[in-house]
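# Structural overview
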Amino acid sequence: MDFSFSPEQDQLRAQARSFLEKRFPPARLAEIATSKDGWDRTSWPELARLGWTGASIPEAQGGAGLGFVEEAIVFEELGRALYAGPYFSTVGLSLPSLACAPDLLARVASGALTATLASPAANASGPAVAGRRDGDRWLLRGEAALVPDAGWVDAFVVQVRGPDGIGLYLVERHDARPKIRVLDTVDGTRRLGHVTFEDDGARLLAAPPAAGKIIAATRRRALAALALEAVGIASHALMLGVEHAKSREQFGRPIGAYQAVSHKLADTYVELELARSLAYWAAWCIAEDDGEAERAAIAAKAYAAEAAVAACERAIQVFGGMGFTWDHPLHRYYKRSLWIESFDRSGAAHRAEIAQAVLGG
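Because the structure is a prediction, the values reported are computed rather than measured.

### Brief notes about helix H1 (residues 7-23)
Between its first and last C-alpha, H1 extends 24 Å over 17 residues, near the 24 Å set by a 1.5 Å rise per residue. Buried residues belonging to H1 abut helix H2 (26-33), helix H3 (43-49), helix H4 (68-81) and helix H8 (259-287).

### Examining the domain arrangement of the protein chain
Split into domains, the protein chain comes out as domain 1 (7-113), domain 2 (117-207) and domain 3 (212-359). Listed per partner, the contact involves 28 residues of domain 1 and 27 residues of domain 3. Carbon and sulfur atoms make up 67% of the area that domain 1 and domain 3 hide from each other, which totals about 2,300 Å². At the junction of domain 1 with domain 3, the criterion picks out two salt bridges. The partner of Glu 76 in a salt bridge is Arg 276, with the nearest N and O atoms 3.2 Å apart. Sorting the residues of the side of domain 1 that touches domain 3 by element identifies H2, H4 and helix H5 (87-98) as the ones contributing at least two each. Ranked by residue count, the leading element in the side of domain 1 that touches domain 3 is H4, at ten residues. Residues belonging to the side of domain 1 that touches domain 3 are distributed by class as follows: 19 nonpolar, five polar and four charged.

### Describing the packing of aromatic side chains
Tallied over the full model, the rule gives 13 aromatic pairs. Aromatic side chains Phe 68 and Phe 75 sit 6.4 Å apart centroid to centroid with 45° between the ring planes, which places their arrangement in the tilted category. Both residues of the pair, Phe 68 and Phe 75, belong to the buried class. Plain terms: the ring middles of Trp 138 and Tyr 169 are 5.3 Å apart, the flat faces sit at 65° to each other, and that makes the pair edge-to-face. With Trp 138 in strand S3 (residues 137-148) and Tyr 169 in strand S5 (residues 165-172), this residue pair connects regions lying 31 residues apart in the sequence. Neither residue differs from the other here; Trp 138 and Tyr 169 are each classed as buried.

### Regarding the pattern of salt bridges
Across all of its chains, the model carries 27 salt bridges by this definition. The partner of Asp 199 in a salt bridge is Arg 141, and the shortest N-O contact between them spans 3.2 Å. Here Asp 199 is found in strand S7 (residues 192-206), whereas its partner Arg 141 is found in strand S3, with 58 residues between them in sequence. On the accessibility criterion, Asp 199 (30% relative accessible area) is partly exposed. The shortest N-O distance in the salt bridge between Glu 229 and Arg 190 comes to 2.8 Å. Taken as a pair, Glu 229 in helix H7 (residues 210-247) and Arg 190 in the loop between strand S6 (179-182) and S7 lie far apart in primary sequence, 39 residues in all. Ionic contacts of the salt-bridge type, sharing partners, join the residues Arg 13, Arg 17, Glu 76, Glu 77, Glu 273 and Arg 276 into one network.

### A short note on the packing of H8 against helix H9 (residues 293-319)
For the pair H8 and H9, interaxial distance at closest approach is 8 Å and the crossing angle is 155°. One finds that H8 runs roughly antiparallel with respect to H9. Between H8 and H9 lies a crossing of left-handed hand. Here the contact of H8 with H9 is built from residues that sort into 21 nonpolar, two polar and four charged.

Scoring rules and cut-offs
Residues numbered from 1 in each chain as written. Predicted model: local features only at pLDDT ≥ 70, side-chain atom pairs only at ≥ 80, totals over all residues. Heavy atoms only, no water. Helix = DSSP H or I, 4+ residues; strand = E, 2+ residues; numbered from the N terminus. Expected span 1.5 Å × (residues − 1). Contact = heavy atoms within 4.5 Å. Domains from an automatic or database assignment. Buried area = accessible area lost by both parts, 1.4 Å probe. Salt bridge = Lys/Arg side-chain N within 4 Å of Asp/Glu carboxyl O. Nonpolar A, V, L, I, M, F, W, Y, C, P; charged D, E, K, R; others polar. Phe/Tyr/Trp six-rings, centres within 6.5 Å; stacked < 30°, edge-to-face > 60°. Buried < 20%, exposed > 50% of the residue type's maximum accessible area, 1.4 Å probe, protein only. Axes fitted to C-alpha atoms, helices over the stretch in contact; angles between N-to-C directions. Parallel < 35°, antiparallel > 145°, perpendicular 65-115°, else oblique. Left-handed = near helix turned anticlockwise from the far one by under 90°.

Set out below in structure tokens:
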């Protein structure tokens, strides 16, 4: 394993950070988060032209033919910029399923298709979606709740449980008209939705048991992607806190000179570096299809998400009362970190999962 980034990967990071800082400054981010639509739709073709939507898609389908480590860099920078758009839903959640159909990959790479995952895992206690055959097509009926970016995407990858196991199906909004209700949630930069399918036409992507392997790979990919987003969030929160600690003065000295402030930022730095190491270990394991990929992804998400929450809380404390006002961007980073922390399961549940796997209980 190479612990350093290649020059090309460093260039990708620099390009991503420069583009996102110019395209989405804090004022623009606040404007998008409070808008009715919730994201800047014109940004998606730009991400496609930069090659981000097709980073790991084979060149034969119009992608760059790279790997998950390159996508990991993009995920971290998108988290740092608090990007509001269906990149995580499309590239993090849906891409393994869409890989069953090369034509779908080509559309993702070109920016012509966005998608999200509607699965029982996203809403374990909610109603399931059932499918039935109707001639040469499938019809889906049921509901899926807490679906990320449901109101934004062009298609849904739906997990349907049948007598032989779980299958994966694609419902495109231009072919079917599922009912979508966007939910009022804390994080306005990543909105969730409730989707109802009423005999909507669907395309079979993968049948059991092949679908089970894809679902497992999707979970690993999603957890690692969110760990990387969390690293980006923590990094930005730390940067804001350090800058404020240097410039804000009390009693004739920068507040960073006081241990009550400097120790909080030092703790954040230590936790951030460990979170980054775990997140890129997970990314490498996934890229290399390493046997430790599942444990790495779970460990990375559990630690990085909690580190991001703590980083935002400490930065807010460094800023004092101003840090929690609507006029400051920190509260939006805090809300995204809380969403990441709650995705799939809590950090405590993830650590219990790792412990069970290690101890064999």
